[in-house]
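# Structure at a glance
For reference, the chains in residue letters:
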Amino acid sequence: MAKELPLFKEATFWLNKMCILPYTDEELDAIGCLGFDMAKYKDFADKYLAGLMEKRELINQHKRIPFSELNLQLYRKVLEQPDLNQIPDWITMPDAKVLATNNLRARIVKMSQNIQKNKNAKTGVETDNFRS
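In short, a report on the structure. (Residues numbered from 1 in each chain as written. Predicted model: local features only at pLDDT ≥ 70, side-chain atom pairs only at ≥ 80, totals over all residues. Heavy atoms only, no water.)

## Details of the packing of helix α3 (residues 42-54) against helix α5 (residues 67-79)
Contact geometry of α3 with α5 gives a least axis separation of 9 Å together with a crossing angle of 125°. Between α3 and α5, the angle falls in the class oblique. As α3 runs across α5, the sense of the crossing is right-handed. Note on element contacts: α5 touches α3 through Phe67, Leu70, Asn71, Leu74, Tyr75, Lys77 and Val78, opposite Phe44, Lys47, Tyr48, Gly51, Leu52 and Glu54. Taken together, the residues of the contact of α3 with α5 sort by class into eight nonpolar, two polar and three charged. (Axes fitted to C-alpha atoms, helices over the stretch in contact; angles between N-to-C directions. Helix = DSSP H or I, 4+ residues; strand = E, 2+ residues; numbered from the N terminus. Parallel < 35°, antiparallel > 145°, perpendicular 65-115°, else oblique. Left-handed = near helix turned anticlockwise from the far one by under 90°. Contact = heavy atoms within 4.5 Å. Nonpolar A, V, L, I, M, F, W, Y, C, P; charged D, E, K, R; others polar.)

## Concerning α3
Given a rise of 1.5 Å per residue, 13 residues ought to cover 18 Å, and the 19 Å separating the end C-alpha atoms of α3 matches this to within 8%. Every buried residue of α3 is listed here: Asp43, Phe44, Ala45, Lys47, Tyr48, Leu49, Gly51, Leu52 and Met53. Where α3 is buried, its residues contact α1 (7-18), α2 (25-40) and α5. (Expected span 1.5 Å × (residues − 1). Buried < 20%, exposed > 50% of the residue type's maximum accessible area, 1.4 Å probe, protein only.)

Structure follows, in structure tokens:
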């Protein structure tokens, strides 16, 4: 039986081929957060990796983009999916101290809040699922 490659290991393989290296400190923190999200939330991991695989044309075009930009695009794609079973806790219950020191994670939290507001506006639901 073939051993299955962990999704995060596969994701970092492709990210290293698509992204500008070396990563910034903020990006390294976000990669660690991504690894935790992929290990804890299988549905999230599958959707993130699927979105990443759609970006493989960057390799053939010999283009490299900042990880922060690509990661934000992929989190948006995943969080916008209506069938996402669970959103990572750090997004739904953000830690103000962490957000103050990591602009990339703060941008993901803000983006998620906007996505949720748009979904609520479309359905007419008025809820506040996020702490400021």
